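Chain by chain, the residues:
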Amino acid sequence: MKSERMILTAEKNSKIEERAWAAVAPVVEERGFKLWDVCFEKEGAMWYLRILLDKEGGMDSDECGEISEPINAIIDKQDFIKNIDILEVGSPGLTKKIRKPEHFRACINERIRVTLRDEKGKENSVYGILSAYDEEKSEITLSDGEETKTLALSQCVKINSDL
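Residues numbered from 1 in each chain as written. Predicted model: local features only at pLDDT ≥ 70, side-chain atom pairs only at ≥ 80, totals over all residues. Heavy atoms only, no water.

On to the confidence of the model for the chain. This prediction gives the chain a mean pLDDT of 90; 94% of its residues lie at or above 70. Overall, residues 1–5 carries pLDDT values under 50, and its contacts beyond four positions in sequence, including any with other chains, amount to zero contacts. (pLDDT = per-residue confidence, 0-100. Contact = heavy atoms within 4.5 Å.)

The next subject is the pairing of strand S3 (residues 86–90). Here strand S2 (residues 46–54) pairs with S3 via five bridges, running parallel. Residue Ile51 lies in a different strand from S3, and its bridge partner there is Val89. (Pairing = 2+ DSSP bridges. Helix = DSSP H or I, 4+ residues; strand = E, 2+ residues; numbered from the N terminus.)

Looking at chain direction, strand S4 (residues 111–117) and strand S5 (residues 123–134) are connected through seven bridges and run antiparallel. When the bridges of S5 are listed, Arg117 appears paired with Glu123.

Our focus in this paragraph is unusual backbone geometry. Although it is not a glycine, Asn109 sits at a positive phi angle of roughly 70°. Note that Asn109 resides in the loop between helix H3 (101–106) and S4. In this structure Asn109 comes out as exposed when scored by relative accessible area, which is 60%. A positive phi is found at Ser138, a non-glycine position, where the angle reads about 55°. Considering the arrangement of structural elements, one finds Ser138 in the loop between S5 and strand S6 (139–143). (Buried < 20%, exposed > 50% of the residue type's maximum accessible area, 1.4 Å probe, protein only.)

Reading across from one edge, S7-S6-S5-S4-S8 is the order of the five strands in this open sheet, with antiparallel pairing throughout. A strand with exactly one partner marks an edge of an open sheet, and here the two such strands are strand S7 (148–152) and strand S8 (156–161). The sheet shows a mean angle of 40° between the axes of neighbouring strands, direction not considered. Across five bridges, S5 lies against S6 in antiparallel orientation. Paired with Asp134 across the bridge in S6 is Glu139. (Axes fitted to C-alpha atoms, helices over the stretch in contact; angles between N-to-C directions.)

A separate point is the pattern of salt bridges. By the definition in use, this model includes 13 salt bridges. A salt bridge links Asp37 to Lys100, with the shortest nitrogen-to-oxygen separation between them at 3.3 Å. Remark: Lys100 occurs in the loop between S3 and H3 and Asp37 occurs in strand S1 (residues 34–43); sequence separation between them is 63 residues. No difference in accessibility class separates Asp37 from Lys100, as the two residues are buried. Two residues, Glu41 and Arg50, come together in a salt bridge whose shortest N-O distance is 2.8 Å. Within this structure, Glu17, Asp37, Arg99 and Lys100 form a network of salt bridges that share partners. (Salt bridge = Lys/Arg side-chain N within 4 Å of Asp/Glu carboxyl O.)

On to helix H2 (residues 61–76), then. Helix length check: H2, at 16 residues, gives a terminal C-alpha distance of 22 Å against a target of 22 Å (1.5 Å per residue), a fit within 8%. Its maximal kink placed at Ser68, H2 deviates by approximately 35°, while the proline Pro70 follows within four residues. When we look at burial in H2, the residues that qualify are Glu63, Cys64, Ile67, Pro70, Ile71 and Ile75. The N-cap of H2, judged by a side-chain oxygen 3.1 Å from the amide nitrogen of Asp62 a few residues on, is Asp60. (Expected span 1.5 Å × (residues − 1). Bend = angle between axes of the 7 residues up to and from the residue. Polar contact = N/O pair within 3.5 Å; in protein donor to acceptor, adjacent residues only side chain to side chain.)

What follows is the structure, given as structure tokens:
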């Protein structure tokens, strides 16, 4: 029963993310920014809708502040607003989360950090250059100059760009 509830929640979250993306993408693009990600997730008792933006050279806090107002106005008009406790508009940061096919494609030839969980549940990280992404097989290939390693995305706990 619990897993069924989790699946229904994940589907609902995904729908809200998709609808929020579609609603804000035009205003983000017309202002010269790139919509990196939209995440709807629960932290503690609060539901956060995070709109993450990027641009060549990175975002600064003034730019995030300027675009927050029009994004907030758009989100306020959506029927899913009742599900959101906090709206955050910001940058994905220097170690941005990589979770969508377009993220993987954008990060080819960049250094990434992959967190894996071993059979005992202990997490460890693998670093390397993202040399390939196979969407059909759901695999990534990392290279550290000497060794190449292919990982199934199902093995990965999280993937981030690395400095």
